[in-house]
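Chain by chain, the residues run as shown.
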Amino acid sequence: MTDSKYFTTTKKGEIFELKAELNSDKKEKKKEAVKKVIASMTVGKDVSALFPDVVNCMQTDNLELKKLVYLYLMNYAKSQPDMAIMAVNTFVKDCEDPNPLIRALAVRTMGCIRVDKITEYLCEPLRKCLKDEDPYVRKTAAVCVAKLHDINAQLVEDQGFLDTLKDLISDSNPMVVANAVAALSEIAESHPSSNLLDLNPQSINKLLTALNECTEWGQIFILDCLANYTPKDDREAQSICERVTPRLSHANSAVVLSAVKVLMKFMEMLSKDLDYYGTLLKKLAPPLVTLLSAEPELQYVALRNINLIVQKRPEILKHEMKVFFVKYNDPIYVKLEKLDIMIRLASQANIAQVLAELKEYATEVDVDFVRKAVRAIGRCAIKVEQSAERCVSTLLDLIQTKVNYVVQEAIVVIKDIFRKYPNKYESVIATLCENLDSLDEPEARAAMIWIVGEYAERIDNADELLESFLEGFHDESTQVQLQLLTGIVKLFLKKPTETQELVQQVLSLATQDSDNPDLRDRGYIYWRLLSTDPVAAKEVVLAEKPLISEETDLIEPTLLDELICYIGTLASVYHKPPSAFVEGGRGVVHKSLPPRTASSESAESPETAPAGAPPGEQPDVIPAQGDLLGDLLNLDLGPPVSGPPLTTSSVQMGAVDLLGGGLDSLIGGTNFVAPPTAAVPASLGAPIGSGLSDLFDLTSGVGTLSGSYVAPKAVWLPAMKAKGLEISGTFTRQVGSISMDLQLTNKALQVMTDFAIQFNRNSFGLAPAAPLQVHAPLSPNQTVEISLPLSTVGSVMKMEPLNNLQVAVKNNIDVFYFSTLYPLHILFVEDGKMDRQMFLATWKDIPNENEAQFQIRDCPLNAEAVSSKLQSSNIFTVAKRNVEGQDMLYQCLKLTNGIWVLAELRIQPGNPSCTLSLKCRAPEVSQHVYQAYETILKN
């Protein structure tokens, strides 16, 4: 008889009877009773009253019974924590059982009981199991650590389990290694800042050794872990690739995709001239093709990943066009993906084949698929110039079929072909006009109106055609209304005498009778242009249009690089980074491809790391836009007001402070780490563009820095966090004025315009003294350098750390936020020198508890050199004396907000360290003044 009998019952006092059976002396009866309890629990009955009786059944050697009791325990431990403690002794005993299966079972169950009270009792048994002689127990214990970490992270760290896990990476058993890696990766994901998986060539070697002998899941964990490693050079990258390549022939598609991810990532570091690079490209194609013979759902996932791979490296699959041809029995979602990849792989060599296929698809019965096929013909025309004529004649053949939706799609793509190849195929306009009446979709109507308006001079009855659209103007969609307005204005500018009434009519419809703001605004602009300066109107409306680019649906390069790092995960199917769909963003780390090494062709990849900055080391940035409450509560990004802030601006900034602590509280008071500053070699002199200081440098042979020290530019906002905009910068102070020297780089596919900048309130009232002036639009791959003057009269709010500056930058794409730390010496003013009497009186006046002492190491300068170096950054020496062979410098400086800082600097000749004592009425400034001293003296 099957187990279904446990789910049926006719008895009345069920719980009472089960209780009696559970306490029976007969083993078989006990087992039957526990099975009945589990059955009742499974169908949702509350059997928690039997907790003590079921727990008593744990004391048994029968593995099956033990499993059942543990199942019950996992389910009810949360609701009965006090009772669950009764089971702890049995766990401890079971963890020392001679049978490894029971030891492992006990550990597994311990990890599943999510009760805080119990966790501390389980540490000892877990520690023993992590060092168990049986690998099965060790691998189970490794996963238990990750579960325990989720319940109580602090406990796991205090007990040293993380170090034990790291040791398990060197275990002799590959399954233990895989589970240790999986557990560490899981913990590292929820704590991105902890450097748990500290991978080095030795540990990578161990992982690669274990890779060959693992189960498929183990292999996936190890490959995903390898993908997060950045090799030190191209030779290491190549050796890892060689050892990962055999995984491409694995039967499990998840293993194949994880291996592809590792190879795609490390190929970035290989030079294209290497023979191995070509071999690797050839090896990558067959496994990807094999994935397409799986069932449709797997095919779809494979195709979404292949779509990314083809955008990054089209050469991998350039000879494999045929596998992407659509089969008659493919589901629609597979057909559409295949079409997309066919267009991406289309080239002069295979275009004839592709067009023949697409023409065939355009006669299918599936409407969505036919539409996409017609669009694909247009995209091929735009992508492969030699095929344009053939594509246009194919489209004309399709228009002749008079199938409504085919005609409409064909007109939409022909409009794009006109934009790409002006004055070439306009002879087909007559055929298009014949089909005017059959158009009922907004996009097709808008495309047709655009064609009539754009080529009005070639169409005799253009005014009649456009007038026919005007009759139902208010019933049209916005897209058609806007296009019609522009089309009629174009027509008027080309044939002013015949169409005056028509243009009057459309302008009054658009402005007086419409409630759509976009339409009204465009109508008013045209009206004013036409009434004040028709010549200017002609130049604006009939201007030369830029040719459209080949592929408009490519993923932007920075996002593509991130998605390549997520091949084989949900992100690669959605084509969105995890931060866009993982709720709460817990543990979402932005990934990027490693920079090309020196031996690779650096010209090819504009995203190589700047010299001096180790790869992947970027300053911390405020969390992604989405995390910030309502776009910083809509910070007003107009040009900043110079002079004292006006009342309106303080109201807008005040809005942020409704939450108490302003922007700071929105971000959760993250401590932002200043980017590492690379030292400037003395021979370079002042950094480029340091204005007056260059003039002073002309006199001296060696470029000593004249004026305050300027740190080299660091990346403040990486392109991948700002939709392709990269911002690097530094701060300078020259002749009393502070400026922020910015370098803006456009790494997106579209032009950037309309830049504006705003600072959040900060400790010293720093604010832009002028608007952010970017004079010309920033084209893709273009860089522009800007010096933004700053004032110190903005709103003040104490920040943590004190020199934290939170910045919002707006352009035509979005608003972006980042945070940076400014060096305090830019706030040291030029009139910060005291006389000796004043210095002495002030030193005595400041309480002794405000004095702070610091050590400045590795500073081999003598007193004169130190004094002159500091003076150039407005730290003035009031007096100097020699006490017992030590040089004592007494110095003072004044901050822009009027705070004085007094200093005593003790220098022992021949000793590279010196002691700095600082006194100040605001002691929280001292730490940052010491950092300024260090920065100035060491650079």
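Scroll up to find the structure this text is about.
Residues numbered from 1 in each chain as written. Predicted model: local features only at pLDDT ≥ 70, side-chain atom pairs only at ≥ 80, totals over all residues. Heavy atoms only, no water.

### A look at the side chain of Q311
Okay, so step 1: Within the secondary structure layout, Q311 lies in helix α19 (residues 296-312).
Okay, so step 2: The exposure class of Q311 is buried, given its relative accessible area of 14%.
Okay, so step 3: Here the side chain of Q311 touches I555 through a polar contact of 2.9 Å, landing on its backbone nitrogen.
Okay, so step 4: Once residues lying within four places of it in the same chain are set aside, the contact partners of Q311 are R344, L554, I555 and L560. (Helix = DSSP H or I, 4+ residues; strand = E, 2+ residues; numbered from the N terminus. Buried < 20%, exposed > 50% of the residue type's maximum accessible area, 1.4 Å probe, protein only. Polar contact = N/O pair within 3.5 Å; in protein donor to acceptor, adjacent residues only side chain to side chain. Contact = heavy atoms within 4.5 Å.)

### Looking at the packing of helix α16 (residues 234-244) against helix α17 (residues 253-267)
Okay, so step 1: Contact geometry of α16 with α17 gives a least axis separation of 10 Å together with a crossing angle of 160°. On the basis of their axis angle, the class for α16 and α17 is roughly antiparallel. As for the relative orientation of α16 and α17, their crossing is left-handed in sense. Of the residues in α17, those touching α16 at A237, I240, C241 and V244 are A259, V262, L263 and F266. (Axes fitted to C-alpha atoms, helices over the stretch in contact; angles between N-to-C directions. Parallel < 35°, antiparallel > 145°, perpendicular 65-115°, else oblique. Left-handed = near helix turned anticlockwise from the far one by under 90°.)

### Considerations on the packing of aromatic side chains
Okay, so step 1: According to the stated counting rule, one finds 13 aromatic pairs in the structure shown.
Okay, so step 2: Centroid distance W716 to F731: 5.3 Å. Interplanar angle 35°. Geometry classified as tilted. Of the two residues, W716 is situated in strand β1 (residues 714-717) and F731 in strand β2 (residues 725-734); the sequence distance between them amounts to 15 residues.
Okay, so step 3: Residue F731 is classed as buried on the basis of its relative accessible area, which comes to 2%.
Okay, so step 4: Geometrically, the ring pair formed by F731 and Y822 is edge-to-face, given 6.1 Å between the ring centres and 70° between the ring planes. With F731 in strand β2 and Y822 in the loop between β8 (815-821) and α38 (836-845), this residue pair connects regions lying 91 residues apart in the sequence.
Okay, so step 5: Pairwise contacts between aromatic rings join W716, F731, F764, F818 and Y822 into one cluster.
Okay, so step 6: Sitting above the plane of the F369 ring, K335 keeps its charged end 5.2 Å from the centroid. (Phe/Tyr/Trp six-rings, centres within 6.5 Å; stacked < 30°, edge-to-face > 60°. Lys NZ or Arg CZ within 6 Å of the ring centre and 35° of its normal.)

### Overview of helix α22 (residues 367-383)
Okay, so step 1: For α22, which comprises 17 residues, the first-to-last C-alpha distance of 24 Å matches the rise-based estimate of 24 Å (1.5 Å per residue) to within 8%.
Okay, so step 2: Taken across its 17 residues, α22 has 12 buried, putting it largely inside the fold.
Okay, so step 3: For α22, every residue scored as buried is listed here: F369, V370, R371, A373, V374, A376, I377, G378, C380, A381, I382 and K383.
Okay, so step 4: Of the surrounding elements, those touching the buried residues of α22 are α20 (332-345), α21 (351-361), α23 (388-400) and α24 (404-420). (Expected span 1.5 Å × (residues − 1).)

### Describing the sheet that holds β8
Okay, so step 1: If you walk across this open sheet you meet the 3 strands as β4-β7-β8, and the pairing is antiparallel. If you trace the sheet from one side to the other, it starts and ends with β4 (756-759) and β8, each paired once. The average undirected angle you get between the axes of adjacent strands in this sheet is 25°.
Okay, so step 2: With 7 bridges joining them, strand β7 (residues 804-810) and β8 adopt antiparallel strand pairing. In the sheet register, V809 faces β8, and the bridge partner there is F816. (Pairing = 2+ DSSP bridges.)

### Observations concerning the nonpolar core
Okay, so step 1: Counting 210 residues, the largest nonpolar core has Y72, L126, V244 and F418 as its most contacted members.
Okay, so step 2: Counting residues per element, this core draws most heavily on α17, at 10 residues.
Okay, so step 3: Contacts of L126, omitting those with residues within four sequence positions, involve V107, M110, A141, C144, V145, L148 and F161.
Okay, so step 4: Judged by nonpolar contacts, the second largest core, of 62 residues, contains V866, I907, V925 and Y933. (Core = buried A, V, L, I, M, F, W, Y, C linked by side-chain atoms within 4.5 Å.)

### Let's talk about the pattern of salt bridges
Okay, so step 1: For the coordinates displayed, the defined rule picks out 38 salt bridges.
Okay, so step 2: We note a salt bridge from R906 to E904, for which the minimum N-O separation is 3.6 Å.
Okay, so step 3: Where salt bridges share partners, they join R371, R375, E409, E441 and E443 into one cluster. (Salt bridge = Lys/Arg side-chain N within 4 Å of Asp/Glu carboxyl O.)

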